[in-house]
Amino acid sequence: MASCWLYFVCAVFGVVVGASVYDTEEDLPPLEVYVFSYNVIVRWAREGAWDNITEFDVSLASDSGEYEPCEEPISCEALECEFNSNVCDKPLNPCSNATISVTGNNETSLSEIMTAPAPKDKVGTKIIDSTLFVLWAESSSSDTLCLNYTEVSAVFPNSGTITEKIPSGVDRVLFPLSQCDLGAGEVRVTSFGGSGMSEPERANFTFEDTGFVTPLVGFLELNVTCGILEVTWELIDTCPYLAWYRVTLMPAQSTVITIDYNDTSAFFEGLEPGSYYEVCVQPVDASSNNLAKGICSNMTTPEPAVEDLIVEPVNHETIQASWSPNECNMSQPLLYDVEITTCLNFTNETCTGKTFVNSTTELNYTRTGLEPYTLYHVCVITINTDDTLYQACEYVTTLPKAPYDLQAYSEDASTIRITWNYLDNLAQMAMYDVSWKSDDEIVFSDNTTLQEYVIESYNGTGSIHVCVTVTLDETESIPECNEFQLLYLEDDFGLILGLILGIPLILLAIGLVLAFVFKVNVRDVFPGM
């Protein structure tokens, strides 16, 4: 009786090797012969001249006559027999010519064969980057004289079997790998020649994911709008067994199956605001078996708070906030609570000071009466009709208070001194920006850490426009500005002396003229003369 595993080998490799058949009578059925390296299986049918025969004598003879593996015929009641080391006196030699004869009721059918080459001596595997190398060594040269080619089959856990035919004289083959090939697999290396094939030599391999493996899917993107999640991804590599994708949303335990592998998007509805979700995309085959490594991403859904919140300082005691309603709440009549909390210093973790809360239905809010140069935490809280609350917050710093008591005066014809005052507790960290403009409209500027500034070589006349701002840690105040008249006397002693002496003489002349016109005694105009 033939061994079952040999039929299994034939079925797996899809090989049925029929040797040459010579019938002694035309009505004898042909022989089907399966030839391996060390064993031969012969099958026939009970028909024609063998229609009612129940016992057959089967023999295997070497054509050389020098080596006879089976001295006596084998008696077979079934319709098949196997020659191997268990039933023959000697083992069969690879690449040997032999004749098989089957006799029943004195009618004999013959078949001439050559046994297959010897199996590979050694088979090994090695994975480098994303390539599987399969290498082998041959047995002795006499056992491989009839080798025609080598067949190498790589069995992958997900993507099936890939087979390559390699010419004789070559001892290796390469298989490119993809993510579909991850996991443990097996290679089978079989020698073909003579009238059949050798038994396959096997080796195992395990393909693990590395940075050299091109992923099957990538670029996973999650977009949420009003509780609807859109998941999109990209198919990067190909896989012959890829059928579709299984997309899962956790912890909602919701699953979406795409139409096919070209469908690279999925949608989930009813997501809760401010909740954590994880989304995974898993490539699968037609039987929903995982093919390759999936890709996952997570997110927290946004809350439907106001959008485009902008909070800006107006001056040292006033801030202004503006915003837009959330697109998911456009149809609802909304009320907004504006909460302003004082921060104890300029770190965001200590905003536990005084709090102001006001309500509005407008999309802007102005608050005055705040402290200069102070950090505030401003939140706009949306109060929905279903009493749900969502807030958007920003930080803002009020401007420093501007300098005060600004003065400017001339020290001489080309020198102007500008002075001002500032808060004692902030003066040491202040930087002052000074700018001025004369009647020729040209603006000059400079900065100083002092509370005064001297303009030298000034050539303007009339008036000067001066502005001073203070900067505290990159926060600049609004400018303190004023216009000053430049009043000073020419440095000419003769002119001054002439004015002093000339004024009394002018008054005397006026008195004499009045006395002559009105016939008045000079003594009456100037008593004491």
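We now turn to the structure provided with this report. Computed from a predicted structure; not experimentally measured.

### Comments concerning the packing of aromatic side chains
For the structure on display, the rule yields ten aromatic pairs. With a centroid separation of 5.6 Å and an interplanar angle of 70°, the aromatic rings of Phe156 and Phe205 are classed as edge-to-face. Placement of the pair is Phe156 in strand β11 (residues 147-156) and Phe205 in strand β16 (residues 201-207), with a sequence separation of 49 residues. Phe205 matches Phe156 in its accessibility class, with the two residues each being buried. A connected cluster of aromatic rings, assembled from ring pairs, spans Trp44, Trp50 and Phe56.

### A look at the state of the cysteines
Two cysteines, two sulfur atoms, one covalent bond between them: this is a disulfide. The tally for this structure, following the rule as stated, stands at nine disulfides. A sulfur-sulfur separation of 1.7 Å characterises the disulfide bridge that pairs Cys70 with Cys88. Linking Cys70 in the loop between β4 (56-62) and β5 (74-76) with Cys88 in the loop between β6 (80-83) and β7 (97-104), this pair joins segments that are 18 residues apart in sequence. Disulfide pairing places Cys226 opposite Cys328 at an S-S distance of 1.9 Å. Its S-S torsion of about -100° marks the bond between Cys226 and Cys328 as left-handed, since a negative value means left-handed. Taken together, the residues Cys226 in the loop between β17 (217-225) and β18 (228-235) and Cys328 in the loop between β25 (319-324) and β26 (335-342) connect sequence positions 102 residues apart. Classification of Cys226 as partly exposed rests on a relative accessible area of 42%.

### Side note on the pattern of salt bridges
Tallied over the entire structure, the rule returns seven salt bridges. Between Glu80 and Arg43 there is a salt bridge, and its shortest N-O distance comes to 3.8 Å. Residue Glu80 is located in strand β6, and its partner Arg43 is located in strand β3 (residues 40-43); the two are separated by 37 residues in the primary sequence. Residue classification places Glu80 among the buried positions, given a relative accessible area of 14%. Between Glu138 and Lys120 there is a salt bridge whose closest N-O contact spans 2.5 Å.

About the criteria used
Residues numbered from 1 in each chain as written. Predicted model: local features only at pLDDT ≥ 70, side-chain atom pairs only at ≥ 80, totals over all residues. Heavy atoms only, no water. Phe/Tyr/Trp six-rings, centres within 6.5 Å; stacked < 30°, edge-to-face > 60°. Helix = DSSP H or I, 4+ residues; strand = E, 2+ residues; numbered from the N terminus. Buried < 20%, exposed > 50% of the residue type's maximum accessible area, 1.4 Å probe, protein only. Disulfide = S-S within 2.5 Å. Salt bridge = Lys/Arg side-chain N within 4 Å of Asp/Glu carboxyl O.

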